[in-house]
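Here are the chains, one letter per residue:
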Amino acid sequence: MIALGMMSGTSLDGIDCALVDLQVRGERIVVDLLDARTFAFAPEIADLLDEVVRRGGGGIAAVARLHRALGIAHADAAEHFLAGRSVDFAAMHGQTIYHDGAAALTLQIGDPFALRERIAASVCFDFRSADCALGGSGAPLVPYVDLVLVAAPDEKRVALNCGGIANITLLPAGADPDSREIVAFDTGPGNMLLDAWIAEASGGAARFDRDGAAAARGSVDAALLAEMLDDPYFALAAPKSTGRERFGEAFLRRFRSALQALALDDAMATLLALTVESIAQAIERRDFEDARILCSGGGAKNTRLLQALRERLSRARVESSDAVGLPAESKEAVAFAVLGYQTLRERSANLPSVTGARKQTVLGAVAPYGLSQLLAKIAKEDAR
C-alpha cells in the first residue's frame, strides 16, 4: 500500500511529505520510507499564518482564506513531490490553529478536497476530532506510531519530537503495540519560543537559530529560567497537551521585558535551557533518564540543543531518530500515513492513557476517491 503522509506542525514553516510503503504483518504494520521532502510555505501563506495563528487576528474571513490557501499549498507540494508517481491514498494532518487540550478542543485546517482533486486519490484528514469527542485532548497522536515503529524488545526508549512544541513517548523494553498504558505527553515548548524570539529580536531577519549558534554563545540567566519553569503546566500530571496558546505570544508577553534586558545570545541560551530542562525533568520524573532518546522534528537539527540534552541527561543516549531508520524531519509525516492507514482499516489508533479519551476509537475522516476499490485492496491485504 503506497501512501503519502503530509504534516504541517506548530513551527509554521512548511509541509513535510513522506512517501511510504505500508505492509501488514499480522498485527504489525511494516513501514518502508521511499522518499521524503519538505516544502517551505510561500510568503503569502506565511503572512496569513502569522496573522491568524501567531497574532490571532483577521477574523473568520482570514481563517477561511487560510483554509483554502493551505489546501492548495498541500496540493502543490504533493504534485511537485510525487512528480507523476501515483499513491493509493494520502493522509494530511492540516495546520493546527487552536488547541486547548484540557477542554478537549482543537482545530486543524487545510482543505483536503484540494489535495484529493490534484492527486486523484482518497485523503484522510481531521485525525484529532474523534479523540476529542470522547473527552480526550486529541494530542499527542504520534505515540501510537512510536509504539509500532520505535519500541524495541531489549531497551527502553524515549521518542522525543521537538517541533514548535516538544512531546515524548516513554517506551519500556518490549512495549506491546497493543499496550493501553503507554505514557506520552507534551513537555512544553520545543522550538517555538526560540524561533519567535530570534525573529522578534532580529526584526524578522532571522527565522530560527541555525544549529543553536546564538544559544551556544550565550549564558543562561538562572533566575529567569527558574521563573519560567514555575509555569503551572510543567507540574501538571499526564495526560496533558499544550500549544501556541500557552507557549506562544502570551508566554513571551509575560517575560518580554526580562528577555529584552539580556543580550540576544543570553536570551536564546535561556530559552533553549527552558526547552531542555522541561524535557529532562519530564523524563526524570518517569525514571527514563537512562533510556535511549531518539529525537525527531526541527530540534533534531539543533546541535546545541542535542548537546545540552546530553549534558543534562548524562546517563541517556541522545541521538537523532535517523539512527533507527526514521529520518528526523519526516517522522511525523510518516506517522500520519500510518494513522491514515488505520483510519481506512477501521482500526483504533488513539491511546487513552495518552490523550485522556474514554476509550479507543477510529480516528480521521475521509475525502473519498475510488474508495470502494481502495477498501477492497486493503481488505485483501489484511486477509493475507
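The text that follows walks through the structure, step by step, so that each part is easy to find. (Residues numbered from 1 in each chain as written. Predicted model: local features only at pLDDT ≥ 70, side-chain atom pairs only at ≥ 80, totals over all residues. Heavy atoms only, no water.)

### Considering the pattern of salt bridges
So, point 1. Enumeration over the complete set of coordinates arrives at 25 salt bridges.
So, point 2. In this structure, the salt-bridge partner of Asp 265 is Arg 217, at a minimum N-O distance of 3.0 Å. Of this pair, Asp 265 sits in helix 11 (residues 264–285) while Arg 217 sits in helix 7 (residues 213–217), and the two are 48 residues apart along the sequence.
So, point 3. Residue classification places Arg 217 among the exposed residues on the basis of a relative accessible area of 58%.
So, point 4. For the salt bridge of Asp 382 with Arg 345, the shortest nitrogen-to-oxygen distance reads 3.0 Å. You can see Asp 382 sitting in helix 15 (residues 371–382) and its partner Arg 345 sitting in the loop between helix 13 (331–344) and helix 14 (352–355), a full 37 residues away along the chain.
So, point 5. A relative accessible area of 27% means that Asp 382 is categorised as partly exposed.
So, point 6. Residues joined by salt bridges that share partners form a network here, namely Glu 155, Arg 157, Arg 292, Arg 317 and Glu 319. (Salt bridge = Lys/Arg side-chain N within 4 Å of Asp/Glu carboxyl O. Helix = DSSP H or I, 4+ residues; strand = E, 2+ residues; numbered from the N terminus. Buried < 20%, exposed > 50% of the residue type's maximum accessible area, 1.4 Å probe, protein only.)

### Let's talk about the sheet that holds strand 7 (residues 122–125)
So, point 1. Sheet architecture is open: 6 strands sit in the order 3-2-1-4-7-13, paired in mixed fashion. Looking along the sheet, the strands with just one partner apiece sit at the ends: strand 3 (28–40) and strand 13 (365–367). On average, each strand axis in the sheet is inclined to that of its neighbour by 25°, with strand direction left out of account.
So, point 2. Contacts from helix 2 (residues 59–82) reach strand 1 (2–7), strand 2 (14–25), strand 3 and strand 4 (89–92) within the one sheet, and its direction differs from that of strand 2 by about 60°. (Pairing = 2+ DSSP bridges. Axes fitted to C-alpha atoms, helices over the stretch in contact; angles between N-to-C directions. Contact = heavy atoms within 4.5 Å.)

### A closer look at the pairing of strand 3
So, point 1. Bridge analysis of strand 2 against strand 3 gives 12 bridges, and the strand direction is antiparallel. Residue pairing in the sheet places Asp 21 in a bridge with Asp 32 of strand 3.
So, point 2. What sits between the antiparallel neighbours strand 2 and strand 3 is a turn of 2 residues, in which Gly 26 has the positive phi angle 65°.

### Thoughts on helix 3 (residues 112–119)
So, point 1. If you check which residues of helix 3 are buried, you get Pro 112, Leu 115, Arg 116 and Ile 119. Down the axis of helix 3, the buried set is contained in an arc of 100°. They therefore lie on one face.
So, point 2. A distance of 2.9 Å separates the backbone nitrogen of Phe 113 from a side-chain oxygen at the start of helix 3, and that oxygen is part of Asp 111.
So, point 3. Immediately beyond the C-terminal end of helix 3, within one or two residues, lies Ala 120, with a positive phi of roughly 55°. (Arc of directions from axis to C-beta. Polar contact = N/O pair within 3.5 Å; in protein donor to acceptor, adjacent residues only side chain to side chain.)

### Regarding the packing of aromatic side chains
So, point 1. Under the definition given, this model contains 8 aromatic pairs.
So, point 2. Ring centres 5.5 Å apart and planes at 35° place the aromatic pair Phe 234 and Phe 247 in the tilted group. Residue Phe 234 is located in the loop between helix 8 (222–228) and helix 9 (244–247), and its partner Phe 247 is located in helix 9; the two are separated by 13 residues in the primary sequence. Each member of the pair, Phe 234 as well as Phe 247, is classed as buried.
So, point 3. Here Phe 247 and Phe 251 contribute two aromatic rings whose centre-to-centre distance is 5.3 Å and whose plane-to-plane angle is 50°, an arrangement assigned as tilted.
So, point 4. Using a relative accessible area of 1% as the deciding quantity, one classes Phe 251 as buried.
So, point 5. In this structure an aromatic cluster arises from ring pairing among Tyr 233, Phe 234, Phe 247, Phe 251 and Phe 255.
So, point 6. A cation over a ring is seen here: Arg 85 above Phe 81, with NZ or CZ 5.3 Å from the ring centre.
So, point 7. Positioned over the ring face of Phe 288 is Lys 156, at 5.1 Å from the centre of the ring. (Phe/Tyr/Trp six-rings, centres within 6.5 Å; stacked < 30°, edge-to-face > 60°. Lys NZ or Arg CZ within 6 Å of the ring centre and 35° of its normal.)

### As for the pairing of strand 7
Each regular strand displays side chains that alternate between the two surfaces of the sheet.
So, point 1. Of the two faces of strand 7, both are covered, the one formed by Ser 122 and Cys 124 as well as the one formed by Val 123 and Phe 125.
So, point 2. With 3 bridges connecting them, strand 7 and strand 13 associate as antiparallel partners. Within strand 13, the position partnered with Cys 124 by the bridge is Val 366.

### Re helix 15
An α-helix turns once every 3.6 residues. As a result, residues three or four positions apart point the same way.
So, point 1. Between its first and last C-alpha atoms helix 15 spans 16 Å; for 12 residues at 1.5 Å apiece the expected length is 16 Å, and the two agree.
So, point 2. Residues of helix 15 that are buried sit in contact with strand 2, strand 4, strand 7 and helix 13. (Expected span 1.5 Å × (residues − 1).)

Keep in mind these numbers describe shape, not what the thing actually does.
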